[in-house]
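Coordinates in review
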Amino acid sequence: MVRELTHFIGGQHVSGTSGRFSDVFDPSTGAVQARVPLATTAEVESAIANAEEAQLEWATWNPQRRARVLLTFLDLIAKDMDSLARLLASEHGKTVADARGDIQRGVEVIEFAAGAPHLLKGEYTGGAGSGIDVYSLRQPLGVVAGITPFNFPAMIPLWKMGPALAAGNSFILKPSERDPSIPLRIAELFLEAGLPAGVLNVVNGDKVAVDALLHDERVKAIGFVGSTPIAQYIYQTAAAHGKRAQCFGGAKNHMIVMPDADLDQVADALIGAGYGSAGERCMAISVAVPVGQETADALAVKLTERVRDLTIGHSLDEKADYGPLITREAVVRVEAAIQAGVDAGAELLADGRGITVDGYESGFYLGPTLFDHVTTDMDLYLEEVFGPVLIIVRADTYEDALRLPSEHQYGNGVSIFTRDGDTARDFTARVNTGMVGVNVPIPVPIAYHTFGGWKKSGFGDLNQHGPDSFRFYTKTKTVTSRWPSGIKEGASFVIPTMH
Ligand code: NAD
């Protein structure tokens, strides 16, 4: 029997009324395990109305009281970690260990957001003029929304809602229709933690639900994460409707390998960052750039050996290095990208197409695929593949290597492996991407710094988590006051200045 999921509006599970559903698979077996309703515009409007009403009182709670709800939520999620990780793995396909990481990375942003009393403090200048004090207040925007991708169904919703809620907003989440159960569970846990009903709502759906959020003037800000074409669409539409928007898109993350790097460390790092979670991470490394032919030849050998040893299995199989892709369509799409690489003349060192996992022949599996001699005119290099495909693009010099990520259309993450501090420092200063790792393969910043890519990886001017997140979810009011009252200087027709 296929479970029927709901929306979560006004503190309650609400069945869908559209008659439209999307299948939720267990990617490890290929079976449909649930179906999720796709909301109508009216259902989204009902969530917005609930959120708008609930926000008025929520914003009156002092920041410390709001933060206590987040702290209680942290206790609840810690208690539930095992079952949440298994549920997440069963809908997404990533391993349970990786699913724990997904939840934990979100938890760390809730921990950060619980510092709201400090983060919401404004600035103050006493005595800016005669008897004049100037100070700023950070006030919530009202109703804000998040639209999130399938690949981190816990982490990214938590990155969005944590700072938004702590700042006194109410929040509507439109999670991915591929793995909606964890977001629904998160909403339940927040309610249990003492969040007033209606402050956090989950509306499941597709473009209809997204457009309803974009067009409604009661929604003041949209935080999006997903593919670049949708990020661009949401950024433009949100702006056209007078909303704040931060929209994060796709990626093509390079790892530069200098000749002085420890190649065993590099190969291990590339295997984990390239194939972990089946390559379905926006911070996956998908391009290895060894500098010099000797480095490239040695690296290609080490990677080929390691790729052979990888274990692909059911998401609940503890021995699996990675599990299935999210859908059958994703497998077909990545296989087509592999074929295009072969047709373009790249050298296929390992071909992951056509693998099956015993007992789970209908699962959405794809083996690790490795290409060498990929050139910068090939689609395999130019486009995001979002699967377990790692390519080697050889560079003759450091300057050639530096140019590759700097000139690529995407600018999410990049990393360099070297033992030379001068090179590392030069690279971090000059490379044209938003997040940089030095001897770190996946440079996802910790919760109290900000996360965001450049170029076609990010649209909008404030990043996720860290101090930027509180700037994004608040508006600044600046107060200029003079005391004591009653000072009489007569009318002045000149703009006031500080002289
Ligand atoms: P996606 O763009 O297909 O979907 C993301 C969200 O947009 C989902 O909630 C989906 O329902 C909604 N959506 C899809 N089509 C829409 C449409 N036509 N109109 C309005 N809304 C629509 O992305 P995905 O496949 O879920 O996620 C994978 C992508 O996300 C990859 O490109 C990956 O690089 C990117 N990603 C980026 C980051 C980052 O921080 N830059 C993080 C994670 C994932």
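1. Observations regarding the packing of helix 10 (residues 263-275) against helix 11 (residues 293-308)
- Where helix 10 meets helix 11, the axes come as close as 10 Å, and the angle between the chain directions of the two elements is 55 degrees. Overall, the two elements helix 10 and helix 11 adopt an arrangement that is oblique. Two packed elements cross with a definite hand, and for helix 10 against helix 11 that hand is right-handed. In contact with L263, D264, V266, A267, D268, L270, I271 and Y275 of helix 10, helix 11 contributes T295, A298, L299, K302, L303, R306 and V307.
- Taken together, the residues of the contact of helix 10 with helix 11 break down into ten nonpolar, one polar and four charged.

2. Here's the deal with the site of the ligand
- Near the ligand you find 28 residues, and of these T148, K174, E177, S227 and E384 are the closest.
- Note that an oxygen atom of the ligand is positioned 2.6 Å from one of the side-chain N or O atoms of S227.
- Burial of the ligand by the protein amounts to 86% of the accessible area it has alone, namely 850 Å².
- When residues of the shell around the ligand are traced back to their parent elements, those giving at least two are helix 8 (207-215) and strand 11 (219-225).

3. Some points on the domain arrangement of the protein
- Taken domain by domain, the protein holds domain 1 (3-249 + 457-479) and domain 2 (253-438).
- For domain 1 versus domain 2, the separation of C-alpha centres amounts to 31 Å.
- Contacts between the two partners involve 23 residues from domain 1, matched on the other side by 24 residues from domain 2.
- At the boundary of domain 1 with domain 2, total buried surface from both sides reaches about 1,900 Å², with 59% on carbon and sulfur atoms.
- Connecting domain 1 to domain 2 are one salt bridge.
- For the salt bridge of R281 with D98, the shortest nitrogen-to-oxygen distance reads 3.0 Å.
- One can count nine residue pairs in polar contact (both at pLDDT 80 or more) joining domain 1 with domain 2.
- Sorting the residues of the side of domain 1 that touches domain 2 by element identifies strand 4 (21-26), helix 3 (81-92) and helix 4 (96-113) as the ones contributing at least two each.

4. Remarks on the nonpolar core
- Counting 70 residues, the largest nonpolar core has F73, I103, M161, F171, F190 and F470 as the members making the most contacts within it.
- Counting residues domain by domain, this core receives three or more from each of domain 1 (3-249 + 457-479) and domain 2 (253-438).
- Core analysis: the next-biggest nonpolar cluster, separate from the first, contains 62 residues, A300, V307, L366 and F386 among them.

5. Considerations on the sheet that holds strand 5 (residues 31-37)
- The strand order across the open sheet formed by three strands is 1-5-4, and the pairing between neighbours is mixed. For this open sheet the edge positions go to strand 1 (3-4) and strand 4, each flanked by a neighbour on one side alone.
- Seen against the sheet, helix 3 touches strand 1, strand 4 and strand 5 and runs at an angle of roughly 110 degrees to strand 4.

6. Description of the packing of aromatic side chains
- For the structure on display, the rule yields nine aromatic pairs.
- Both rings, one in W58 and one in W61, keep their centres 5.1 Å apart while their planes meet at 55 degrees; by these two values the pair is tilted. Per residue, the accessibility class of W58 equals that of W61, and both read buried.
- When the ring of F472 is compared with that of Y473, the centres are 4.9 Å apart and the planes differ by 80 degrees; the resulting orientation is edge-to-face.
- For Y473, a relative accessible area of 1% corresponds to the buried category.
- The ring of W61 is capped by R65, whose NZ or CZ atom sits 3.6 Å from the centre of that ring.
- Looking at K94, its charged tip hangs above the ring of F152, at a distance of 4.0 Å from the centre.

What counts, and at which threshold
- Residues numbered from 1 in each chain as written.
- Predicted model: local features only at pLDDT ≥ 70, side-chain atom pairs only at ≥ 80, totals over all residues.
- Heavy atoms only, no water.
- Axes fitted to C-alpha atoms, helices over the stretch in contact; angles between N-to-C directions.
- Helix = DSSP H or I, 4+ residues; strand = E, 2+ residues; numbered from the N terminus.
- Parallel < 35°, antiparallel > 145°, perpendicular 65-115°, else oblique.
- Left-handed = near helix turned anticlockwise from the far one by under 90°.
- Contact = heavy atoms within 4.5 Å.
- Nonpolar A, V, L, I, M, F, W, Y, C, P; charged D, E, K, R; others polar.
- Near = heavy atom within 4 Å.
- Polar contact = N/O pair within 3.5 Å; in protein donor to acceptor, adjacent residues only side chain to side chain.
- Areas by Shrake-Rupley, 256 points an atom, 1.4 Å probe, with all protein chains shown as cover.
- Domains from an automatic or database assignment.
- Buried area = accessible area lost by both parts, 1.4 Å probe.
- Salt bridge = Lys/Arg side-chain N within 4 Å of Asp/Glu carboxyl O.
- Core = buried A, V, L, I, M, F, W, Y, C linked by side-chain atoms within 4.5 Å.
- Buried < 20%, exposed > 50% of the residue type's maximum accessible area, 1.4 Å probe, protein only.
- Pairing = 2+ DSSP bridges.
- Phe/Tyr/Trp six-rings, centres within 6.5 Å; stacked < 30°, edge-to-face > 60°.
- Lys NZ or Arg CZ within 6 Å of the ring centre and 35° of its normal.

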